[in-house]
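# Remarks on the overall topology
What follows is each chain in one-letter form.
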Amino acid sequence: MQKDELKIKLSELLPSAAFEEGAEWPTILIDPRVWTDLARHIRSGIRLDFDYLFCLTAVDWKTHFTVVYHLTSTVHRHTLVVKIRLDRERPEVPTVSDIWRTAEFHEREAYDLMGIVFTEHPDLRRLFMTDEWIGWPLRKDYEDPVNMIKL
Amino acid sequence: MDVSQPFPGEVHPTAGGGILVTKLDEVINWARSNSLWPLVFGTSCCAIEMMSTAAAKYDWSRFGFEVARATPRQADVIIIAGTIVNKMAPVLRRLYDQMADPKYVIAMGACATSGGPFFYNTYSVVKGADHVIPVDVYVAGCPPRPEALLHALITLQEKIRNNHAER
Amino acid sequence: MIEDLGTTEQGELVVNLGPQHPSTHGVLHLVVTLNGETIKKVEPHLGYIHRSIEKMCESLSYRQFIYVTSRMDYLSSHINNHGCALCVEKGMQIEVPPRGRVIRVLMDELTRLASHQLWWGAMAMDVGALTPFFHAFREREAINDIMEQTCGARLTMNYMVPGGVMVDIHPDFQQKVKEFIRFFKGKIDEYDELVTENVIFKSRMEGVGYISPEDAVSFGCTGPTARGSGVSCDLRKISPYEVYDQVQFEEVMENGGDCFARYLVRMQEMRQSLSIIEQLIDNIPGGEFQAKTKAVLKLPKGEFYSRVETARGEFGVYIISEGGTTPYRIKFRSPGFSNLSALDHMARGHKIGDLVAIMGTLDLVIPDIDR
């Protein structure tokens, strides 16, 4: 499906979504509460069929967080980017690991390194760091005078 | 010649126990240095160059490192090939403790020597394997060529023969 | 990690496999729940080589961060660097000259060959055949020598720059590569005779570790892991970059879904890589090998994503830039991370010996997973 067609179809599906301009792939910004329904629709919607989640990124913007999902379809070969803006004090977003199984590991990594909580995840614990590690290393305000030697 | 009187000056006994024991020491050191069995321990990229050293072109079994053992109980030398991170350090310590004496350590590559390219701005890398276990020989390079690793192995052998190795 | 071990209430045994173990994949720690010798659950514990590369790259310039990715998936180091260079070029709208593009593709395909050779040797060693290891390394040394002559290093060749390649190819490059092609064509048939047709090997590989195409896509598997189940996901065909749309090669797919199908996919991929190299080696265009760029690169504000096909699957580089000389946030989408998440699904109900065979065909490189 072409970029414009996809935009029209998504605005029908979710009127409150905002589109970002100037990006390579169609990008929508949504609220965390509507994410589960939208995910199910784009996974199995006719002519949408976004069955392959290829990247899940968590970004720290100092005042808020953003979780970025890159999705593509192996059937129609179109790509979509979904961005969800989260509160800095309580970053919570529903999990999609029952829809795309690859999200299990990706969400654990985002929790481990950024501290974003994915509600209803089957097994949310630290992945890379030791279980006793304190702090979320990839955040911009993470200080570690013992281990980090700054240039 | 009159040899019935004892020597009037001071007599110092020879250190090390005399010529029999030093010769025995030499033979034991020669035997030890020529059959050091390495432990299979490669964490990252240097492991590939270690495997290349074990393969047919830069064969290390010419020098006696024939059998690479998987279990530390049967190994003599541990070649730390790769970066050591905070989570791996206790594992490395435990492997070293499980090895039987005499044991030797070679730190291969820039990461094991000092943290390497991951020295600045990393929160999880141990800046040098000698923070965890005592090291005998350091090899520079990222990754070191197989010839550099062979040079390090030969240096270790000479160190053992000259009685300079740490325990 | 120790308190989980022992016996569970159902009488199942929980054992450790790793982090130090003789399979040469790196430091992977698997906690395996067994009923007798049958696997009930496999849980990977990662982080034993987590070197905080993403945090480190936030303080490196756009020319420096490319070479850290060589150390991530060190067997496809050229291809990783290529992906990073493509991302930076996308951001700065740099056009790579034709000679640079062809040299990049040649280096990529040679790296893919070297990676598959090592995979073959290591996997055969895991399954029990010790001799193929030496055969594989002998062939790999030929490629390493070619790389060393041009790029200066054998394993982590820091050769790609945003705009092209760092130095021009050595005058002997074309002749050496042609000799290598002649030498290696007969060797692939030898590999088939040695291992593929072997009765013991086949009975260890067939029917083991099945994954269906829908599950492969859901788990995010890419590369030969997914192509062994019939999923078409070769990025060189779907969204071609550099000169991949101008060379003839096939996307290799099998429908078996088990270990033997993935093995056959990689053997066939070696032949396809050889054919791509043959088509390009005589047609390297003349001209510049590197586009003129400023010494200090500054990406404009925005987000850029580039995808390349490494020997293991899809490698993605996602740069979020705020206009400075260092990136604001970099994310590397590594192929091994998603391939590993399918291991539990594939290994249930098999024996421990099959687990080793499955890990061999997944072709995991652990620093790639842990970053």
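Everything below is about the structure shown above.
Residues numbered from 1 in each chain as written. Chains lettered and ligands numbered in written order. Predicted model: local features only at pLDDT ≥ 70, side-chain atom pairs only at ≥ 80, totals over all residues.

In terms of helices and strands, chain A carries 3 helices and 7 strands. Listing the helices and strands of chain A from first to last along the sequence gives α-β-β-α-β-β-β-β-α-β. Overall, the C-alpha framework of chain A stretches about 55 × 30 × 25 Å when taken along its three principal axes. When burial is assessed residue by residue, chain A has 38% of its 151 residues classed as buried. (Helix = DSSP H or I, 4+ residues; strand = E, 2+ residues; numbered from the N terminus. Buried ≥ 20, exposed ≤ 12 C-beta atoms within 10 Å, placed from the backbone.)

In terms of regular secondary structure, chain C is built from 14 helices and 9 strands. The C-alpha atoms of chain C give a radius of gyration of 21 Å, which matches the 21 Å a tight globule of 371 residues would have. Taken over the C-alpha atoms alone, chain C extends approximately 65 × 50 × 35 Å along its principal axes. In chain C, which comprises 371 residues, the share counted as buried stands at 55%. Restricting to contacts in chain C with at least 6 residues of sequence separation, those with at least 24 account for 70%. (Rg over C-alpha atoms; globule rule 2.2 N^0.38 Å. Contact = placed C-beta atoms within 7 Å.)

A separate point is the interface of chain C and chain A. Taken together, the contact between chain C and chain A spans 27 residues of the former and 23 residues of the latter. Breaking the side of chain C that touches chain A down by element, the ones donating at least two residues are helix 1 (53-57), helix 7 (213-218), strand 7 (302-309), strand 8 (314-321), strand 9 (329-333) and helix 11 (335-341) of chain C. Of the residues contributing to the side of chain C that touches chain A, the split by class is 10 nonpolar, 9 polar and 8 charged. (Nonpolar A, V, L, I, M, F, W, Y, C, P; charged D, E, K, R; others polar.)

Residues and elements named next belong to chain A. Strand order in the open sheet made by the 5 strands is 1-2-5-4-3, with mixed pairing throughout. Every other strand in the sheet has two partners, leaving strand 1 (18-20) and strand 3 (52-60) as the edge strands with one partner each. Pairwise comparison of adjacent strand axes, ignoring direction, gives a mean angle of 25° for this sheet. Relative to strand 5 (residues 79-87), strand 2 (residues 27-30) runs parallel, the two being bridged by 4 bridges. Bridging across to strand 5, Leu 29 finds its partner in Lys 83. Here helix 3 (residues 103-114) sits on the sheet and contacts strand 3 and strand 4 (64-72); the angle it forms with strand 3, its principal contact strand, is near 10°. (Pairing = 2+ DSSP bridges. Axes fitted to C-alpha atoms, helices over the stretch in contact; angles between N-to-C directions.)

Turning next to the pairing of strand 5 of chain A. Residue and element names in this part refer to chain A. Where strand 4 meets strand 5, 9 bridges bridge the pair, whose relative direction is antiparallel. Residue pairing across strands places Val 67 opposite Ile 84, the latter belonging to strand 5. In this structure, the hairpin formed by strand 4 and strand 5 is closed by a connection of 6 residues, where Arg 77 is found at a positive phi of approximately 60°.

What follows covers helix 2 (residues 46-54) of chain B. Extensive coverage of helix 2 of chain B is indicated by the burial of 9 of its 9 residues. Tucked inside the fold, the buried residues of helix 2 of chain B contact strand 2 (77-81), strand 3 (104-108), helix 4 (109-114) and helix 5 (146-161) of chain B together with helix 4 (131-151) of chain C.

Neighbouring strands of a sheet are bound in pairs by backbone hydrogen bonds; such pairs are parallel or else antiparallel. Residue and element names in this part refer to chain C. As summarised here, the arrangement of the 3 strands in space is 7-8-9, forming an open sheet in which the pairing is antiparallel. Each end of this open sheet is capped by a strand with a single partner; those strands are strand 7 and strand 9. Strand-to-strand twist of the sheet, defined as the mean angle between neighbouring strand axes without regard to direction, takes the value 10°. This element, helix 2 (residues 77-92), spans strand 7 and strand 8 of the sheet and lies at about 150° to strand 7.

A separate point is the interface of chain C and chain B. Of the residues lining the interface, 28 residues belong to chain C; the matching set on chain B comes to 31 residues. At the level of elements, helix 1 and helix 4 of chain C are the ones that each hand at least two residues to the side of chain C that touches chain B. The element best represented in the side of chain C that touches chain B is helix 4 of chain C, accounting for 5 residues. Looking at side-chain class alone, the side of chain C that touches chain B contains 13 nonpolar, 9 polar and 6 charged residues.

This part covers the pairing of strand 3 (residues 29-35) of chain C. Residues and elements named next belong to chain C. Inspection of the sheet shows strand 2 (residues 13-17) paired to strand 3 by 5 bridges, in the antiparallel sense. For Asn 16, the partnering residue across the bridge sits in strand 3 and is Val 31. Where strand 3 lies against strand 4 (residues 38-45), 7 bridges are found, and the strand directions are antiparallel. Within strand 4, the position partnered with Thr 33 by the bridge is Lys 41. Counted along the chain from strand 3 to the antiparallel partner strand 4, the turn is 2 residues long, and its residue Gly 36 has a positive phi close to 75°.

Residues and elements named next belong to chain C. Two elements in contact, helix 5 (residues 173-196) and helix 10 (residues 259-281), have axes separated by 11 Å at closest approach and are oriented at 165°. Here helix 5 lies roughly antiparallel to helix 10, going by the angle between them. Handedness of the crossing formed by helix 5 with helix 10: left-handed. Contacts from Gln 174, Val 177, Lys 178, Ile 181, Phe 184, Lys 185, Ile 188, Asp 192 and Thr 196 in helix 5 reach Met 267, Met 270, Arg 271, Leu 274, Ile 277, Glu 278 and Ile 281 in helix 10. Here the residues of the contact of helix 5 with helix 10 are counted per class, giving 9 nonpolar, 2 polar and 5 charged. (Parallel < 35°, antiparallel > 145°, perpendicular 65-115°, else oblique. Left-handed = near helix turned anticlockwise from the far one by under 90°.)

Let's shift gears to the packing of helix 3 (residues 98-127) of chain C against helix 10 of chain C. Residues and elements named next belong to chain C. At a minimum axis separation of 9 Å, helix 3 and helix 10 run at an interaxial angle of 155°. Relative to helix 10, the element helix 3 lies roughly antiparallel. Regarding helix 3 and helix 10, the two cross each other, and that crossing is left-handed. The segment helix 3 lies against helix 10, with Val 102, Val 105, Leu 106, Glu 109, Leu 110, Arg 112, Leu 113, His 116 and Trp 119 engaging Arg 266, Glu 269, Met 270, Ser 273, Leu 274, Ile 276, Ile 277, Leu 280 and Ile 281. Looking at the contact of helix 3 with helix 10, its residues break down into 12 nonpolar, 2 polar and 4 charged.

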